Structure formats: structure tokens, C-alpha cells
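Residues per chain, in single letters:
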Amino acid sequence: MGVFEAIGTDSHEEVLFGVDHESGLRTIIAIHSTSLGPALGGTRFFPYDDEVAALRDVLRLSKGMTLKSAAAGLDLGGGKAVIIGDPATLRSEPLIRAYGRVVDSLGGRYVTAADVGTTTDDMVLIAKETPWVSGLPFSQGGSGDPSPATARGVMASFRAIGERLWGSDDLSGRRIAVQGIGKVGVDLVRRLTEAGAETIVTDTNPDAMAHAVETYGSKAVSLDDIYDVECDIFSPCALGATLNAETIPRFRSVAIAGCANNQLAVDMDIERIVDRGILYAPDFVVNAGGVINIAAESGGYSAERAGVMVDGIYDNLVGIFETADRDGVNTHDAAMRFAQRRIDRVGSLRLRRRSGEK
Ligand code: NAD
């Protein structure tokens, strides 16, 4: 498959390939849209099977970032980057700094952050090469690891679901099945426990399971049994595509909401969920806490202000549910419309700003 064929027709603005032979850097940065502002998105460091797989991933993820920021009401566009290789063996200071120079070459059209395989320490190295980096540690004036903010946003979503389904945002006594108790999932389980909810968890990592059982009294089930758990909300917090033709008929939950990106394996899975009478909270609305937290760096980061902004996901989701009712569409399509409408209306402003003009 050729590069142009792989890029397809999703209207990405720019795709940049960067190489540094000495350090072994091979990176692809995709800018999907800068209509609402600089394209923000994390850097994924991952041992892709081949270059086409890496290209497909970065294109898909950058488009998702456009929707996520737009739906969250942020003045940010969508971008993403991948570094091809195993971070456990390939990561080095020269490689990360070489990558920082590739980011710098885009002059601020793309702003990077941590993602799967990269950390705040990597962001510190990137910051030596370019100002276009976010998610630096608190000690450097940044917003740190976004995972707790993402978990906070998922909790706000659960409360919006509670209000809609049960007329109360009180989560005490609710049963929540959490698939994946990594950085976000474990903080979510902590917050749920504090809110008086019961948690049923699964993870490929037995240590993570043992921690949740011992610390939060979670009930642990096998990787496959999680789909059959009778619960109020099923929360996908591991990988994408776990809502699919095989799993959806098995769900015994009333609602689905979680932090994983791209939860629907294919678009028509939303129809399968609707047919089952399950309320679906769209992933890119639910998991926007991390990017909102990063956006809060603008003007000087304050954890308190960021928290209030993240809690706004409650209202965003209520708005999506209302749009779905009003337009007679499913919640996924309602969220897409909501995001696209904002891109079209704000992104197409042609009047120039005069303040700060040089
Ligand atoms: P993480 O890597 O820390 O956690 C993922 C967890 O899922 C790990 O504990 C892993 O062992 C487990 N896992 C892997 N395969 C599994 C499977 N088949 N079944 C059950 N568990 C499995 O990642 P994270 O930062 O917690 O993010 C979780 C998801 O949320 C990812 O899809 C990520 O892209 C998305 N997300 C994260 C953030 C954030 O702020 N960290 C923001 C937005 C979206």
C-alpha cells in the first residue's frame, strides 16, 4: 500500500515523516486540523508491525484529537505523533531530542504531550529542543501526568449518566465494571470507592488486580468474564475496539462509559449498542479530561482551575444526550455533530484578531 492510499480521504492538513539515523528515530507526525487552534496530541512510542500500521494509527488518532478538543470546547486542533520502535530498548536522550527537533520544525502547528510509551521525563527532554510541548512536570510549571484528570472526567460522565438514567448523580451503591486498571483505571476505582460504588475489575496485569482487590475491595474477574458482569456501567479503560459484534450481545450493563480511545470496533457497533437499549457515552467526550488538563496550562497551570474545567465534561455530556434526543440520532453521532458544528462555526471565522498584532 502506498502512502497516499494509506492517508486516504480524512482531510488531514499535513503528515510529516522524520528520521535520525544515528539515534534510530523514525517518527510520523499527523496534523489533522488546526481550524480551532494548534494541533495538540500525544506522542505514542510503540513497536508497530510495519510503517503502514504506524501511519494508520497516527492518522486515526490525530482525527480523534480534533473531535475530542472540539467537543470539549477547547481552542485546540487535532494532531498526534508516533515513534516507531520498542521504547524499552530504543529510548535514548539523543532519540527523544532528535524527535523534539522534528516537533520544533512545525513551528507550533503541532504541540506534543505524553501518550502510550512516553512519559513526562521525555517531555522534559523534548522541552530542551522546542517550546511546543505540554504536560511537563509540576516542578517545571506543567500539568504533570494527565491520567488523574482523565479519571476525574470519567467520574463526571458517570454522574451525568446517573442523572439521566436514575435521576440522581449519586454513585453510591452503583456497580461499575472497569476493564483495565492502569494509570486511569486505578484512579477511577479509587474515586468510585470513595463515592461508595462497588467495582468489578479485570486486567492483564495480576499485580494491578491484586492492588485493586486489596486496596479498594474490588471484585476481580477474568479478562473474558468482564463482558458478562451484571452492572450499572461497563467502563472500557484498557484498549480500543472492545465494543464489537462479539462482546455487545453479552453486556449486562445499563450504560457504557470509559477512558479508552476508539472503543467501537466499527461504526455500526453503535447501532448494536442502541439495539440492546444500552446508553453509550461517546469515548472522545468522556476521556477529554487529560487534554482539558493540558489546555489549562495556558495562562499558568492551576490544579484547582483545571479540575473545574474537567468537571465541565458533565455538562458536555448532558448536551450530547439532549442533542441526540432533539435530532433523533444516537449519542455517538450526536457527539460528532456537536464537535463538527463547532469546528465549522468557530473554525471558519474569517475576521482577523487585532490584539497583539505585530
Ligand atoms: P495504561 O497503559 O496505564 O493502562 C492500561 C491498562 O490496561 C494496563 O493496566 C494494562 O495491563 C491493561 N490491559 C491491557 N490489555 C488489557 C485487556 N485486554 N483487558 C484488560 N486490561 C488490559 O493506560 P492508561 O493511561 O490508563 O489509558 C487507558 C486507556 O485510556 C488507553 O486506551 C488510553 O489511550 C486512553 N486514554 C488515556 C488517557 C490518559 O490520561 N492516560 C487520556 C485519554 C485516553
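Residues numbered from 1 in each chain as written. Predicted model: local features only at pLDDT ≥ 70, side-chain atom pairs only at ≥ 80, totals over all residues. Heavy atoms only, no water.

J.: Looking at this structure, how should I read the overall build of the protein?
T.: Regarding its fold elements, the protein presents 14 helices and 11 strands. For a compact globule of 358 residues, the expected C-alpha radius of gyration is about 21 Å, and the protein comes in at 20 Å, within 12% of that figure. Taken over the C-alpha atoms alone, the protein extends approximately 55 × 50 × 45 Å along its principal axes. In the protein, which comprises 358 residues, the proportion classed as buried is 53%. Counted over contacts in the protein with a minimum sequence separation of 6, partners at least 24 positions apart contribute 64%. Surface accessibility of the protein: about 16100 Å² in total, with carbon and sulfur atoms responsible for 51%. A distance of 6 Å separates the average location of the 36 positive side-chain charges in the protein from that of its 49 negative side-chain charges. (Helix = DSSP H or I, 4+ residues; strand = E, 2+ residues; numbered from the N terminus. Rg over C-alpha atoms; globule rule 2.2 N^0.38 Å. Buried < 20%, exposed > 50% of the residue type's maximum accessible area, 1.4 Å probe, protein only. Contact = heavy atoms within 4.5 Å. Areas by Shrake-Rupley, 256 points an atom, 1.4 Å probe, with all protein chains shown as cover. Lys, Arg positive; Asp, Glu negative; His and termini not counted. Charge placed at Lys NZ, Arg CZ, Asp CG, Glu CD.)

J.: Looking at this structure, how should I read helix 12 (residues 303-311)?
T.: Side chains of residues three or four places apart in an α-helix project in the same direction, reflecting 3.6 residues per turn. Of all the positions in helix 12, only Ala306, Gly307 and Val310 are classed as buried. All buried residues of helix 12 lie within an arc of 100° about the axis, which places them on one face of the element. Exposed residues pointing more than 90 degrees away from the buried face of helix 12 are listed as Glu304 and Val308. Close packing links the buried residues of helix 12 with helix 6 (147-166), helix 11 (289-295) and helix 13 (313-327). (Arc of directions from axis to C-beta.)

J.: Is there a simple way to explain the site of the ligand in this structure?
T.: For the ligand, the set of nearby residues contains 21 residues, the closest of which are Thr150, Lys183, Val184, Asp203 and Ala238. Between the ligand and Asn261, the relevant distance is 3.0 Å, taken from an oxygen atom to a side-chain nitrogen or oxygen of the residue. In isolation the ligand exposes 820 Å². Once the protein is present, 76% of that is buried. Elements supplying a minimum of two residues to the shell around the ligand: helix 6 and helix 7 (183-194). (Near = heavy atom within 4 Å. Polar contact = N/O pair within 3.5 Å; in protein donor to acceptor, adjacent residues only side chain to side chain.)

J.: Is there a simple way to explain the pairing of strand 6 (residues 175-179) in this structure?
T.: Along any regular strand, the residues point their side chains to alternate faces of the sheet. Summarising burial for strand 6: four of the five residues are buried, a large majority. Pairing analysis gives five bridges linking strand 6 to strand 7 (residues 198-202), with the strands arranged parallel. Within strand 7, the residue paired with Gln179 across the bridge is Thr202. In this fold, the crossover linking strand 6 to strand 7 by way of helix 7 has right-handed handedness. In terms of strand pairing, strand 6 meets strand 9 (residues 230-236) through four bridges, oriented parallel. Paired with Gln179 across the strands is Pro236, a residue of strand 9. (Pairing = 2+ DSSP bridges. Right-handed = clockwise from strand over helix to strand, strands pointing away.)

J.: Is there a simple way to explain the domain arrangement of the protein in this structure?
T.: Looking at the assigned domains, one finds that the protein contains domain 1 (3-140) and domain 2 (147-287 + 304-342). If you average the C-alpha positions of domain 1 and of domain 2, the two centres end up 26 Å apart. In this complex, domain 1 contributes 13 residues to the contact, which on the side of domain 2 involves 10 residues. Of the roughly 1000 Å² buried between domain 1 and domain 2, counting both surfaces, carbon and sulfur atoms make up 54%. Contact with domain 2 buries surface across domain 1, with Leu67, Lys68 and Ala71 losing the most and accounting together for 53% of the total. (Domains from an automatic or database assignment. Buried area = accessible area lost by both parts, 1.4 Å probe.)

J.: Even after reading the chapter, I still don't get a negative patch on the surface, so can you show me in this structure?
T.: A surface patch of like charges, here negative, comprises Asp267, Glu271, Asp275 and Asp333. Secondary-structure assignment places Asp267 in the loop between strand 10 (252-256) and helix 9 (269-275). (Patch = residues over 30% accessible without salt bridge, like charges linked within 9 Å, V, L, I, M, F, W, Y side chains within 5 Å. Salt bridge = Lys/Arg side-chain N within 4 Å of Asp/Glu carboxyl O.)

J.: Just checking my understanding: could you explain helix 8 (residues 206-216) for this structure?
T.: Within helix 8, the full set of buried residues consists of Ala208, Met209, Ala212 and Tyr216. One side of helix 8 holds all its buried residues, which, seen down the axis, span an arc of 100°. Summarising the geometry of helix 8, the exposed residues directed more than 90 degrees from the buried face are Pro206, Asp207 and Glu214. Once helix 8 finishes, Gly217 follows within two positions and takes phi at roughly 70°, a positive value.

J.: Quick question: what am I supposed to make of the packing of helix 4 (residues 93-104) against helix 5 (residues 120-127) here?
T.: Angle between the axes and distance between the axes: these two values describe a pair of packed helices. Across the interface, helix 4 lies against helix 5 with an axial gap of 8 Å and an inter-helix angle of 60°. Classified by the interaxial angle, the pair formed by helix 4 and helix 5 is oblique. In this structure, the crossing between helix 4 and helix 5 has a hand that is right-handed. Across the interface between the two elements, Glu93, Ile96, Arg97, Tyr99 and Gly100 of helix 4 pack against Asp122, Leu125 and Ile126 of helix 5. A per-class count over the contact of helix 4 with helix 5 returns four nonpolar, one polar and three charged. (Axes fitted to C-alpha atoms, helices over the stretch in contact; angles between N-to-C directions. Parallel < 35°, antiparallel > 145°, perpendicular 65-115°, else oblique. Left-handed = near helix turned anticlockwise from the far one by under 90°. Nonpolar A, V, L, I, M, F, W, Y, C, P; charged D, E, K, R; others polar.)

J.: Teacher, can you tell me more about the packing of helix 13 against helix 14 (residues 331-347) here?
T.: Here helix 13 crosses helix 14 at 105°, and the two axes come no closer than 8 Å. The angle between helix 13 and helix 14 places the two elements in the roughly perpendicular class. Mapping the contact onto sequence places Ile320, Phe321, Thr323, Ala324, Arg326 and Asp327 in helix 13 and Thr331, Ala334, Ala335, Arg337, Phe338 and Arg341 in helix 14. Broken down by class, the residue content of the contact of helix 13 with helix 14 amounts to six nonpolar, two polar and four charged.

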